[in-house]
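Observations on chain architecture
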Amino acid sequence: MYQYDQFDHAMVAARNAEFKDQVARRLSGELSEDQFKPLRLMNGLYLQLHAYMLRIAVPYGVLSSRQMRTFAHIARTYDRDFGHFTTRQNIQFNWIKLADTPQILEELAAVEMHAIQTSGNCIRNTTTDQFAGAAKDELDDPRPWAELIRQWSTFHPEFTFLPRKFKIAITGATRDRAAIRVHDIGLQLTANGFDVYVGGGMGRTPHLGHLIKSGVPGEKLLSYLEAALRVYNRYGRRDNIYKARIKILVSALGPQEYARQVEEEWATLDQAQIDAPHAEIARIKSFFPQPNYADKAFDAAAIERAKAADPGFARWMRNNTLAHRRDDHVSVTISLKPTGMPPGDASSAQMDAMADAADAFGYGELRVSHEQNVILPHVAKADLYELYRQLDQNGLSSANVGKITDMIACPGLDYCSLANARAIPLAQDISNRFADEGLTDKIGDLQIKISGCINACGHHHVGHIGILGVDKQGEEFYQILLGGRADEKAALGVITGKGLSAEAVPAALERLVNLYLELRTDETERFIDTVGRLGREAFAGALHEPA
Amino acid sequence: MKLLTANRLTDGLVLWYAGGSDLSGWTEDAANATRLEDEAAAALLEEWKARETEVVGVYVVPLVDENTLVKREYVREHVRANGPTIGQTALDTARQHQRGEVF
């Protein structure tokens, strides 16, 4: 993974020293809250419903075991012994003291981490495929390009005060696991360069990104992005926060006109001054080599015997492993969605256990997915059963990846000062409702995504079943959306039926799922495909109890 | 009747005004908060807004039922007063809210 050079170290150290001084001046009263608020937000520190929340960047979701142990240390020492992995591949701590923050940031800097680009109207942490560099269906590794974008975008003077926040996602695989069509800019690596999608996003006015250019060479990526950002920065609406995202501008101009203006701007730029030299791209790529793979012979028959003897292992193998570029390895997803628990939360002990597992079986490397799980991208097949048993001892062996209980849920009203309704307790109720593993496997792939407000941090627009919490005269209500998906066939879900109370939602979903099981052609037809074939209206009635 | 609430500057924790002239008069337990008449609440709000080295985000919470302190206007205030509901089921919390057992 990328290693900081002297510039990275100096940049983060300088920022931390600056923030330490700002915190001291805030505590002494030299800075007012109005003056301090934008400064703390630029360092990832929010004031939430109950306390300060610190959001720490996990650049493109890549973590070392050492960095994961630092998260465990922060959880134990400065928080309430747990952290929350987010849909932006970051981590949040919910009970941080303002006075402790400078010390926490110093400890993060010691392991090459920070909280820069986790807030504010800048280019945020670029996200990517959690299986980057490992997946069998990958054409090219997106991580070096994400790192290149990080270096270009961090503290970019022109793009530090954009009309609104700006999110970029990259995938290099045929299957889109990075949800690129619902990002401000989505980049698809192809054999001919980058396909560039612009104007996607969720929130109160969801849009899918439009393909505005194909085949941008990697060597020209930064100047093209600079042109795209410059057009947005110039014409994006600053008069109305609800119309300030690039999706609104692209929609207003039309994708073709936006693309034309970007081309025009691109032609005026001194591209040689912006684009990274070939040697720099090569230098960054050199930080992302394949691991020094252990040559461990694996006994396929032994794995089959273990699966036969341990049904939990068999299920975990089936649901939580993904084909690797090497036949003797797989990628393993550690589900942070055990039955009845808050999606994406991990205790300090579990963080340490995941770091230990990465050291013992995964070349010291971990990833965070936007689905709020943790991944060991490279695991020798020979080690799988031992890894499973080790994870199982730490409550980390839930075998539900991609299934109905592998939900995304934002922090919702339990923590977030913007939320209108709770998301986590509803996810817990749904998880308990579908706790039967046999039933979950029978249902197959089904993605539920829950947001506690219209800002859509829980990605409800692109859930096969999306759930949006709303405030209805002081009571929590939930709208159900059907038909959304964030993959290479991205689609936005549509609100179906009337809003439901929290207590009505799990039973409504059970009726919905039972109807799907009746209507599907066979067990290979996934929920989203049955909804696509029959139309969401075919399912609307199931959401409400028969009169 | 109203309550005055804020977050403590140093650690961000939720506080409720319980009388007195300094920060020691605030409590972390909403059950011990002072019920304020509208005018008193407005005056204290202005006073504490200016005391930025002690508290941040000061605001007034209206109480719908002055006798029981229970029927809040918003679920948000219920959650803020009682902490995250993680660990309870949504059904339990919905029933609790309907019963009005905020404190």
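Note that this is a predicted model, so its numbers are computed, not measured.

**Quick word on the overall build of chain A**
A tally of helices and strands in chain A yields 19 helices and 20 strands. In terms of overall size, chain A behaves like a compact globule, its C-alpha atoms giving a radius of gyration of 23 Å where 547 residues would be expected to give roughly 24 Å. In terms of overall dimensions, chain A has C-alpha extents of about 60 × 60 × 55 Å along its principal axes. Taking all 547 residues of chain A together, the buried fraction comes to 62%. When contacts within chain A are restricted to residue pairs at least 6 apart in sequence, those whose partners lie at least 24 apart make up 67%. Charged side chains of chain A number 61 positive and 69 negative; the gap between the two group centres comes to 3 Å.

**Some words on the nonpolar core**
Residue and element names in this part refer to chain A. Ranked by internal contacts, the top residues of the largest apolar core, which has 58 residues, are Met-68, Phe-71, Trp-316, Met-351 and Met-354. With seven residues, helix 13 (residues 348–361) is the largest single contributor of residues to this core. With residues up to four places along the chain from it excluded, the contact list for Met-354 reads Met-68, Ile-334, Leu-336, Ala-346, Leu-366, Val-374, Leu-376 and Leu-396. Formed by 47 residues, the second largest nonpolar core is a distinct cluster that contains Leu-187, Val-231, Ile-246 and Trp-266.

**Some thoughts on empty space enclosed by the protein**
All names here are of chain A. Evaluated as defined, the whole model comprises four cavities of 30 Å³ or more. The space that makes up the largest cavity amounts to roughly 140 Å³. Every residue lining the largest cavity is counted, 13 residues in all, and those nearest its centre are Met-1, Tyr-2, Pro-59, Tyr-60 and Glu-112. Partitioning the lining of the largest cavity into residue classes produces eight nonpolar, two polar and three charged.

**Notes on the pairing of strand 2 (residues 52–56) of chain A**
Residues and elements named next belong to chain A. Counting buried residues in strand 2 gives five out of five residues, a clear majority hidden from the surface. Alternating positions in strand 2 separate into two faces, Tyr-52, Leu-54 and Ile-56 on one and Met-53 and Arg-55 on the other, with burial throughout. Note: strand 1 (residues 45–47) against strand 2, three bridges, orientation antiparallel. Residue pairing across strands places Tyr-46 opposite Met-53, the latter belonging to strand 2.

**Side note on the sheet that holds strand 6 (residues 127–128) of chain A**
Residue and element names in this part refer to chain A. Across the sheet, five strands lie side by side as 6-7-8-9-10; this open sheet has mixed pairing. Edge positions in the sheet fall to strand 6 and strand 10 (210–216), since each has one partner strand and no second. Across two bridges, strand 6 lies against strand 7 (residues 168–171) in parallel orientation. Within the sheet, the bridge partner assigned to Thr-128 lies in strand 7 and is Ile-170. Against the sheet, helix 5 (residues 143–153) makes contact with strand 7, strand 8 (185–190) and strand 9 (193–198), and its axis sits at roughly 160° relative to strand 7, the strand it touches most.

**Here's the deal with the side chain of A:Arg55**
Residue and element names in this part refer to chain A. If you trace the backbone, Arg-55 turns up in strand 2. There is a polar contact of 2.8 Å between the side chain of Arg-55 and the side chain of Gln-92. If sequence neighbours within four positions are ignored, Arg-55 has contacts with Gly-44, Tyr-46, Asn-90, Ile-91, Gln-92, Ala-115, Thr-118 and Arg-124.

What counts, and where the lines are drawn
- Residues numbered from 1 in each chain as written.
- Chains lettered and ligands numbered in written order.
- Predicted model: local features only at pLDDT ≥ 70, side-chain atom pairs only at ≥ 80, totals over all residues.
- Heavy atoms only, no water.
- Helix = DSSP H or I, 4+ residues; strand = E, 2+ residues; numbered from the N terminus.
- Rg over C-alpha atoms; globule rule 2.2 N^0.38 Å.
- Buried < 20%, exposed > 50% of the residue type's maximum accessible area, 1.4 Å probe, protein only.
- Contact = heavy atoms within 4.5 Å.
- Lys, Arg positive; Asp, Glu negative; His and termini not counted.
- Charge placed at Lys NZ, Arg CZ, Asp CG, Glu CD.
- Core = buried A, V, L, I, M, F, W, Y, C linked by side-chain atoms within 4.5 Å.
- 1 Å grid on protein atoms, 1.4 Å probe; cavity = no way out; pocket = protein on both sides within 12 Å on 5 of 7 lines; lining within 4 Å.
- Points joined across faces, edges and corners; volume = space filled by probe spheres on them.
- Nonpolar A, V, L, I, M, F, W, Y, C, P; charged D, E, K, R; others polar.
- Pairing = 2+ DSSP bridges.
- Axes fitted to C-alpha atoms, helices over the stretch in contact; angles between N-to-C directions.
- Polar contact = N/O pair within 3.5 Å; in protein donor to acceptor, adjacent residues only side chain to side chain.

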